[in-house]
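# Commentary on secondary and tertiary structure
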Amino acid sequence: MKNLLASVGGTIGIIVAVVVVLVLVMLLLVVLTRYKKCPSDKIMVIYGKISPNKDGTYRSAKCIHGGASLVMPFVQSYTFLDLTPLSISVDLKSALSKQNIRIDVPSIFTVGISTDPAIMQNAAERLLGLQLKDISDLAKDIIFGQLRLVIATMDIEEINTDRDKFLEAISRNVEGELKKLGLRLINVNVTDISDESGYIIALGKEAAAKAINDARISVAEENRKGAIGEANAQMQQRINVADAESKAIEGENKAKADIAQSKALLRQKEAEAMKLAVTAENVQAAKAKEESYAAEQQAEVARASREKATKEADIIVASEIEKRKIEIEADAEAENIRRRARGEADAIYAKMEAEARGVFETLSKQAEGMDKLVKAAGTADEAVRLMIADKMETLVATQVEAIKNLKIDKVTVWDNGQNGDGKTATANFVSGMLKSLPPLDDLYSMAGLKMPKIIAPEKSDDSENTDKQ
């Protein structure tokens, strides 16, 4: 039972919450749909139950121009008043003026609903629900009446000449009556004013004639003044001319006398001036020549100095240039010589170094050969003997080379014919030359060697003694 009651209570709570939400949503929708905005060219009139004013009085309607307002549902409603201006053509005829002259005053009035708070309250009370044509007819009737009233209080001259005063009176009277309906006068345009009797036309003609007569009088007066002035001017001109001629003759005579006197003085002054001028010219000519000679002398000195300076400059500059050129060429030649010397020295050094390496290699190889030769011979003496024996062929060739080119047929020997051996002098000469060469045996002996027996058998003691003898 308790569970059943709990479930029923929960369901009721949900239903109540849903109802509350629906009510709130509906209220929100109502508020959104009843919040009305007023366009700028209209007046929104809210009518129905209107809250009282601050002074406790009640209003029949609430007028809003621009903005927005909440229209309470069920107790209030709204509508709009159009602010479009109305152009009303008022063709007033036979309006009685202050002078009892009937005139026609065709005009055009522009009116519209006023946006002044007090005046648009009148419009809400008196014009709400009317069409623009109905409003125009009401305003037209008011304008007709007020226009007749204004014309009745003014003379035709005032109406015709003082249009500003006439329009001001119309605006003041008509606008005061239009405000009672909630309207305001925007503009008044009186197109033309005429009357049945032709009074206005006559006034115009009178004014025109008066203006023409005044103009003619002014022209005649000016012509008279001009004629008088012209006569006075001519009289004054003749007087002035005569006076001027008299003064001119007197002045001319005086001028002639002055001219004659001036000419005499001029001739005297010219003679004196000529004398002074000739003297001055001679003096000036002499001074000019002196100054000219001095100037020429100075010019010659200056020219000589300039030529001297020019020549010195040319010679010095040329010398300096030549000196500089020689120095540069000498420096260049010295540099070339230094470079060639360095190159030759490097080449000689390289050559000598190469020769030294060659000599070193040669001596090294010779030393190695000597070492091997000494080792092969057993002793150093034996090694020397072997080397001499190896060079013996070269020694013999050298001996033969000494007399190889001797042309015996060209040799002439002079002697006394005393040859005991029966040889000719030439043969003896050749034999003596051969004997002058060292024999191989002696060469071998000088080297500490002995020729092989097969080549040179040993000599006997007798032969040695014979040879010695």
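Use the structure listed above.
The text that follows walks through the structure, step by step, so that each part is easy to find. (Residues numbered from 1 in each chain as written. Predicted model: local features only at pLDDT ≥ 70, side-chain atom pairs only at ≥ 80, totals over all residues. Heavy atoms only, no water.)

### Looking at the nonpolar core
- In this structure, Phe109, Ile151 and Phe166 are the most contacted members of the largest nonpolar core, which totals 41 residues.
- By residue number, the principal contributor to this core is helix α3 (residues 132-152), which donates 6 residues.
- Leave out the neighbours within four places in its chain, and Phe166 touches Val105, Leu147, Val150, Ile151, Met154, Ile159 and Val190.
- Met44, Ile50, Ile64 and Val71 belong to the second-largest nonpolar core, a separate cluster that totals 6 residues. (Core = buried A, V, L, I, M, F, W, Y, C linked by side-chain atoms within 4.5 Å. Buried < 20%, exposed > 50% of the residue type's maximum accessible area, 1.4 Å probe, protein only. Helix = DSSP H or I, 4+ residues; strand = E, 2+ residues; numbered from the N terminus. Contact = heavy atoms within 4.5 Å.)

### Section: the side chain of Gln76
- Mapped onto the elements, Gln76 comes out in strand β5 (residues 76-82).
- Filtering out sequence-adjacent residues up to four positions away, Gln76 remains in contact with Arg34, Ile46, Tyr47, Gly48, Lys49, Ile50, Leu70 and Val71.

### Some words on the packing of α3 against helix α5 (residues 163-179)
- Contact geometry of α3 with α5 gives a least axis separation of 9 Å together with a crossing angle of 140 degrees. In terms of axis orientation, α3 runs oblique to α5. Regarding α3 and α5, the two cross each other, and that crossing is right-handed. The segment α3 lies against α5, with Ala139, Ile142, Ile143, Gln146, Leu147, Leu149, Val150 and Ile151 engaging Phe166, Ala169, Ile170, Asn173, Val174, Glu177 and Leu178.
- For the contact of α3 with α5, a count of residues per class yields 12 nonpolar, 2 polar and 1 charged. (Axes fitted to C-alpha atoms, helices over the stretch in contact; angles between N-to-C directions. Parallel < 35°, antiparallel > 145°, perpendicular 65-115°, else oblique. Left-handed = near helix turned anticlockwise from the far one by under 90°. Nonpolar A, V, L, I, M, F, W, Y, C, P; charged D, E, K, R; others polar.)

### What about the sheet that holds strand β3 (residues 61-64)?
- Strand order in the open sheet formed by 3 strands is β3-β2-β5, with antiparallel pairing between adjacent strands. Here the strands that pair on one side only, and so sit at the sheet edges, are β3 and β5. With direction set aside, neighbouring strand axes in the sheet form an average angle of 25 degrees.
- Here 7 bridges tie strand β2 (residues 42-48) to β5, and the two strands are oriented antiparallel to one another. Within β5, the residue paired with Val45 across the bridge is Thr79.
- Docked against the sheet, helix α2 (residues 117-126) engages β2, β3 and β5, running at close to 125 degrees with respect to β3. (Pairing = 2+ DSSP bridges.)

### A short note on α5
- For α5, built from 17 residues, the straight-helix expectation of 24 Å at 1.5 Å per residue is met to within 8% by its first-to-last C-alpha distance of 24 Å.
- Where α5 is buried, its residues contact β7 (102-113), α3, α4 (156-161) and β8 (183-190). (Expected span 1.5 Å × (residues − 1).)

### As for the pattern of salt bridges
- Taken as a whole, this structure holds 9 salt bridges when the rule is applied.
- Between Asp91 and Lys93 there is a salt bridge, with its nearest N and O atoms 3.9 Å apart.
- One salt bridge connects Arg340 with Glu333, and the closest N-O pair in it is separated by 3.3 Å.
- Overall, Glu333 belongs to the partly exposed group, its relative accessible area being 40%. (Salt bridge = Lys/Arg side-chain N within 4 Å of Asp/Glu carboxyl O.)

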